[in-house]
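# Structural description and commentary
Residue strings, one per chain:
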Amino acid sequence: MPSFKPAYLIHGDDHGRIAERRARLRALAEAESGAQGVELFEGERSTPETVAASLNAMTFALGRRFIVVDGVERWKDGDLKPLEQALAAAPPDTTIAFFAREDNRASAPARLAAAVTKAGGDVAAERSVKPWELPKWVAARARELELELDPGAAGALVAQVGDRQQRLLRELEMLRLELGAGARLDADAVDRLTARSAERRAWTLADELVGRDAAAALRTYLGLTAQGERLESLIYQINRRLRQALDAAQRLEDGESPAQVKRSLRLPSKAADRLLADVRNTDLDALRQAIGSMADLELDARGFREAPRETSAVRAMLRIAA
């Protein structure tokens, strides 16, 4: 069975991580003492006075008692004296956990952190990682899971999955389960293993359109629709790639080097090379017209015009890849 400290303060601006820790603590508490052994203080009930009164109240419950307190980022230092006294004299079979979801305007009171520490508890800060620090953070989490990421692989994972730390951590955990301890991944392996099959094929379709391979694009499109992919989702993916290609083409036209453009694409190396190669074989006007064709297709997909959706999709792709 897990051991519990008398008090915890979990605070910071990573609200997803804080919610996850709260849910885990509550699940452990209910497993230890049952739902009746957990008291929740939220909203208007979450004040230093009401929480202090609960700590001081006698209870006839069997087993450990858990008190979960939300919203302490709204509390003020000047209101904490009754709670400080209650924490100092809390019964030994009680655990109280405070949660503060901080932002630029609100944060957990410093006196609360001091009171939790004085009571023999833990104070933990859950901070969001800055975007430019995410690859370093990903690499560190990977090492904790006994995975090794080659240079560029951590950045590829961020580009593939997004900047949500919890989702990045889940992807790393799935890689650990799939590959085992000691696995080493490069950027291409990360791209291959972390993208969903349908998502990978949607990007393939977009690349085939940018590269003007009409036959391959139609085959991929028909395969995606046969497995149930929605046209609206494909339009979104294709539009993203077309706009990425247009931006790259414009920057090359303006005199930026291919290496400069490639570094800014936030794509795995091979995918970036392919996009740049396709861009060199087209022109700005063709890419602008392709984006216009996708806008027309989106109107058809949403039912704003009379044309059948499937017919409109095929015609749009043939126009773009012509």
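Quick summary incoming for the structure in this document. Keep in mind the model is a prediction, meaning the values are calculated, not measured.

### Structural notes on the sheet that holds strand E5 (residues 122-125)
Spatially, five strands are ordered E2-E3-E4-E1-E5 in an open sheet, and the strand pairing comes out parallel. The sheet is open, and its two edges are formed by strand E2 (38-41) and E5, each paired on a single side. Direction aside, neighbouring strands of the sheet carry axes that sit 15° apart on average. Examined bridge by bridge, E2 and strand E3 (residues 65-69) share four bridges and lie parallel to one another. Paired with Leu-40 across the strands is Val-68, a residue of E3. The strands touched by helix H2 (residues 48-56) are E2, E3 and strand E4 (94-101); relative to E3, the strand with the most contacts, the crossing angle is about 180°.

### Some details on the packing of aromatic side chains
One pass over the structure, following the stated rule, counts two aromatic pairs. Centroid distance Phe-4 to Phe-66: 4.9 Å. Interplanar angle 80°. Geometry classified as edge-to-face. Here Phe-4, found in the segment before strand E1 (7-12), pairs with Phe-66, found in strand E3; they are 62 residues apart in sequence, far enough to count as distant. You'll find Phe-4 and Phe-66 in the same group, each marked buried. Ring geometry for Trp-75 against Phe-98: centres 5.9 Å apart, planes inclined by 75°, an arrangement best described as edge-to-face. Residue Trp-75 is found in the loop between E3 and helix H3 (81-88), and its partner Phe-98 is found in strand E4; the two are separated by 23 residues along the sequence. Positioned above the aromatic ring of Phe-41, the side-chain terminus of Arg-45 is 4.4 Å from the ring centre.

### Here's the deal with the packing of helix H14 (residues 284-301) against helix H15 (residues 309-321)
Taken N-terminus to C-terminus, the directions of H14 and H15 make an angle of 180°; their axes are 9 Å apart at the nearest point. The orientation of H14 relative to H15 falls into the category roughly antiparallel. In this structure, H14 uses Ala-290, Ser-293, Met-294, Leu-297, Asp-300 and Ala-301 to contact H15, whose residues at the interface are Arg-309, Ser-312, Ala-313, Ala-316, Arg-319 and Ile-320. In terms of residue class, the contact of H14 with H15 is made up of seven nonpolar, two polar and three charged.

### A few points about the pattern of salt bridges
Enumeration over the complete set of coordinates arrives at 21 salt bridges. Salt-bridge contacts for Arg-251 lead to Asp-247; the nearest nitrogen and oxygen are separated by 3.4 Å. Placement of the pair is Arg-251 and Asp-247 together in helix H11 (residues 231-253), with a separation of four residues, close to one helical turn. Take Arg-251: its relative accessible area is 19%, and that puts it in the buried class. Between Asp-273 and Lys-262 there is a salt bridge, with its nearest N and O atoms 2.9 Å apart. Of the two residues, Asp-273 sits in helix H13 (residues 269-280) while Lys-262 sits in helix H12 (residues 258-264), which places them 11 residues apart along the sequence. Judged by its relative accessible area of 38%, Asp-273 falls in the partly exposed class. Given the relative accessible area of 27%, Lys-262 is considered partly exposed. One network of salt bridges, in which partners are shared, links Arg-17, Glu-20, Arg-21 and Glu-126.

### So, the side chain of Arg-241
Structurally, Arg-241 can be placed in helix H11. Classification of Arg-241 as buried rests on a relative accessible area of 4%. For Arg-241, the contacting residues outside a window of four places in its chain are Trp-203, Ala-206, Asp-207, Val-210, Leu-267 and Leu-275.

### Quick word on the side chain of Glu-208
Note on placement: Glu-208 falls in helix H9 (residues 197-210). No salt bridge forms around the buried Glu-208; measuring N to O, its nearest opposite-charge neighbour Arg-274 is 5.1 Å away. In this structure the side chain of Glu-208 is engaged in a polar contact, spanning 2.8 Å, whose partner is the side chain of Thr-220. Setting aside residues no more than four positions away along its own chain, Glu-208 makes contact with Asp-213, Ala-216, Ala-217, Thr-220 and Arg-274.

### Points about helix H7 (residues 165-179)
A rise of 1.5 Å per residue sets the reference length of H7, with its 15 residues, at 21 Å; its end C-alpha atoms lie 21 Å apart and thus fit the reference within 8%. For H7, the full list of buried residues reads Gln-165, Gln-166, Leu-168, Leu-169, Glu-171, Leu-172 and Leu-175. Where H7 ends, the next residue or the one after it, Gly-180, has phi of about 85°, a positive value.

### Digging into the pairing of E4
In terms of burial, E4 is largely enclosed, as seven of its eight residues are buried. For E1 and E4, the ladder comprises six bridges, and the chain directions are parallel. Across the sheet, residue Ile-10 finds its bridge partner in E4, namely Phe-99. Bridging between E3 and E4 involves five bridges; their strand directions are parallel. Looking at E4, one finds that Val-68 is bridged to Ala-97. Note on the crossover from E3 through H3 to E4: the handedness is right-handed.

Conventions and cut-offs
Residues numbered from 1 in each chain as written. Predicted model: local features only at pLDDT ≥ 70, side-chain atom pairs only at ≥ 80, totals over all residues. Heavy atoms only, no water. Pairing = 2+ DSSP bridges. Helix = DSSP H or I, 4+ residues; strand = E, 2+ residues; numbered from the N terminus. Axes fitted to C-alpha atoms, helices over the stretch in contact; angles between N-to-C directions. Contact = heavy atoms within 4.5 Å. Phe/Tyr/Trp six-rings, centres within 6.5 Å; stacked < 30°, edge-to-face > 60°. Buried < 20%, exposed > 50% of the residue type's maximum accessible area, 1.4 Å probe, protein only. Lys NZ or Arg CZ within 6 Å of the ring centre and 35° of its normal. Parallel < 35°, antiparallel > 145°, perpendicular 65-115°, else oblique. Nonpolar A, V, L, I, M, F, W, Y, C, P; charged D, E, K, R; others polar. Salt bridge = Lys/Arg side-chain N within 4 Å of Asp/Glu carboxyl O. Lys, Arg positive; Asp, Glu negative; His and termini not counted. Polar contact = N/O pair within 3.5 Å; in protein donor to acceptor, adjacent residues only side chain to side chain. Expected span 1.5 Å × (residues − 1). Right-handed = clockwise from strand over helix to strand, strands pointing away.

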